[in-house]
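One-letter residues, chain by chain:
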Amino acid sequence: MTDGGRRTRLTVVVLAACFTISIIAVSVSGQSETVSIAPADTAIAVRPPAPPTSVVAEDYKYDNAKHLVLSWVPSIDDQPGRTLVLGYRIFRSSGGGAFMPAGSALPGASSFRDERLSKDSSYVYYVAAVSATDTVASIKTQAISPKREYLHLDLVWLFVIAFCISSSVIYFIWKARAGKKLFVRKIAGLDAVDEAIGRATEMGRPILFIPGIQDMDDVQTIAGLTILGRVAKQIADYDTRIRMPVSRSLVMTAARETIKAAYQIAGRPDAYSDDMVNYVTDEQFGYVAAVDGIMVREKPATIFLLGAFFAESLILAETGNSIGAIQIAGTARPAQLPFFIAACDFTLIGEELFAASAYLSGEPKQLGSLKGQDVGKGLAMAAILLGVLSVTLGQAFDIGFFNWLADGLSTIFSAAVE
Amino acid sequence: MFWEHFALWVAAFLTLGIYSFLYKDNPWYKLCESIFVGISAGYWFVTLFWDNIYGKFWVGVFPTGDAQPDYWLLVGAALGLLMLLRLIPKIGWVSRWSLAFIVGATAGFYLINYFSSNVMRQVQDTVMPLFGPGFNASAYVIIGNIVVAVGTFTGLVYFFFSKEHKGAFGASAKIGIFFLMVTFGASFGYTVMSRMSLLIGRIDFLLSDWLGLIR
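Below: a short report on this structure. Not measured: the values here are computed from a predicted model.

**Some thoughts on the pattern of salt bridges**
Residues and elements named next belong to chain A. Throughout the structure, instances matching the rule amount to 18 salt bridges over all chains. The partner of aspartate 114 in a salt bridge is arginine 92, and the shortest N-O contact between them spans 2.8 Å. Here aspartate 114 is found in strand β11 (residues 111-114), whereas its partner arginine 92 is found in strand β9 (residues 87-94), with 22 residues between them in sequence. Residue classification places arginine 92 among the partly exposed residues on the basis of a relative accessible area of 21%. A salt bridge links glutamate 351 to lysine 377; the nearest nitrogen and oxygen atoms lie 3.2 Å apart. You can see glutamate 351 sitting in the loop between β19 (346-349) and α9 (352-361) and its partner lysine 377 sitting in helix α10 (residues 364-397), a full 26 residues away along the chain. One network of salt bridges, in which partners are shared, links Arg47, Asp77 and Arg82.

**A look at the interface of chain B and chain A**
The accessible area lost on association of the parts is a frequent measure of interface size. Counting residues at the interface gives 59 residues for chain B and 70 residues for chain A. For the pair chain B and chain A, the summed buried surface comes to about 5,800 Å²; carbon and sulfur atoms form 71% of the total. On the chain B side of the contact with chain A, B:Met120, B:Phe161 and B:Phe184 bury the most area, a combined 14% of that side's loss. Linking chain B with chain A are 4 salt bridges, by the criterion used here. A salt bridge links B:Glu33 to A:Arg297; its shortest N-O distance comes to 2.6 Å. Only α2 (27-61), α4 (95-126), α5 (139-158) and α6 (167-210) of chain B provide two or more residues apiece to the side of chain B that touches chain A. Here the residues of the side of chain B that touches chain A are counted per class, giving 37 nonpolar, 13 polar and 9 charged.

**Regarding helix α7 (residues 313-322) of chain A**
Residue and element names in this part refer to chain A. For α7, the full list of buried residues reads Ser313, Leu316, Ala317, Thr319 and Gly320. Along the long axis of α7, the arc covered by the buried residues comes to 160°, so they all point the same way. As for α7, its buried residues are in contact with α6 (284-298), β17 (302-308), β18 (326-331) and α8 (337-343). Positive phi shows up at glycine 324, right after α7, with a value of about 80°.

Cut-off values and rules
- What you see as residue numbers is a count from 1 along each chain, following the sequence as written.
- Think of it this way: whatever chain is written first is A, whatever ligand is written first is 1, and the rest follow in order.
- Residue-level local features of this predicted model are given only where pLDDT is at least 70; pairs of side-chain atoms are given and counted only at 80 or more, and the full residue set underlies all totals for whole chains, interfaces and linings.
- As a convention, hydrogens and water are excluded, and side-chain values are obtained from all of the structure's heavy atoms.
- Should a side-chain nitrogen of Lys or Arg be within 4 Å of a carboxyl oxygen of Asp or Glu, the pair is scored as a salt bridge.
- Segments assigned H or I by DSSP are reported as helices when at least four residues long, segments assigned E as strands when at least two residues long, and all are numbered from the N terminus.
- For the exposure calls, accessible area comes from a 1.4 Å probe over protein chains only, and a residue counts as buried if that area is under 20% of its type's maximum, exposed if over 50%, partly exposed in between.
- Contact criterion: two residues are considered in contact whenever any of their non-hydrogen atoms come within 4.5 Å of each other.
- We define buried area as the total accessible area lost by two parts upon association, computed with a 1.4 Å probe and summed across both.
- Three classes are used: nonpolar for Ala, Val, Leu, Ile, Met, Phe, Trp, Tyr, Cys and Pro, charged for Asp, Glu, Lys and Arg, and polar for all others, with Gly counted as polar.
- By construction, the arc corresponds to the directions joining the helix axis to the C-beta atoms.

Written out as structure tokens, the structure reads:
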């Protein structure tokens, strides 16, 4: 700005929620004079933020009457480049009572799920936009109570497919029980079980059985213990020693029960001892340190690694390999399978671990279950083939029928639990 | 200060002791192994006690403030007590009820999640077009989609147990195992590299924190 022979520069300094205006007058000769206007003089306060709008409370679908979902359109002061709003606070009134804080949401949020509610009470909400100096409330919602739904209709296709596969499992179990011979293909690693136990017997050395490091709630641990039952029966027959260090107390209990039952079936209950299975520690690498020590000191001739394994897989398999033991491993953890394949003599890959118990036992229940699961795999293969063909032809040639088929398959298989 | 240095030397002593297993089993390793196993077992006992028996059960059944007691936790506590009956051999068989409940309940609980992720999502993610509209897609996308579709399909063929792997079916299964092995090879390299970072971490501790050779 110029004013006669003077140039004037206007500087605005913004400090937190108030303004300080300084006017610096500079003469042509370079002399300057500053006049500052203090906040008290100007009293220019930051305005409160605009409240969120269109606040609606709705029932959370397909739950046990415990949740409500609140949605809103964010404040116009909560947009890219307009950051007056620091967040949102959600207030709830239960059964006509006073409004209490129910939670908070970050800037940019437009929904909130309220949990642990009761279907016997009604709730009213409002959302407040919070700035550095103000809290501005939205209008209140209508009173609403959470509802209970007994069927999750979004998962109907999941139910249909699961029902088909479960039915086929039951059907094949029934067929197997009726005496029909069900075929199971050869699984290479399992043919070596007899040989491995025989080798330990001839060498007079123990067999080490490691059921992974997970608890009884892991299906791989259960699969490992099922194979243990068959292995333990043969060990009892051959009068070989078994050593089983475990990392979970429940697995210890289940393993003892399994071996005890196997020894009874083999007609040698007197040869069973609780010392065959011992708890070490829940700590992953503490367990590994102990098992490695057992391997090098007792030098088992055969090692079974069947269950859920994590980072310890290669350490265990390499130590077993270094002492010259024959190793049969199996896990459904894809990241650990490469280590077992590299360091063990035989590896049960993924589902082979679960098929192993059926293969070894030949029990109708397990064989029928395996056959039924194969029906499921057949369905999946057909769906993949049909889906890839229809979506490719539909896109490449824009043929209505293929597009319809592709959309239908997409709808069916999108029914999955979040 | 003294105790900090002392802890540092103990940590270095134990680290080197565990690594001494690379040479062979020795008394130093045995000592470190016993300390590791003993301390970790004790640590887990304390952790499980405060997390489960106190943090979950006690606080849940006898809450403070406005919280409502959750009496369902008593069922879990009863099942836990049944497990302890193993200490009395005559009625130890009762503990099988707890085991049966855990195995059955978790099998049912996980069924839907496994089915959802291993079947529904797997199929949905595999169904993708090999070309775009009017065959318009880059070679990179086409090859990628073919690998996913063929790999998943033939992989399923390999895991089909009720049919002998012979003829065209056997050839598909061989392609499937080829895909699996390539995947395992890639996974092996990736995981080994990530494990190297753990080794680097321990060496960094020895050279930096303990010996002070790296600043």
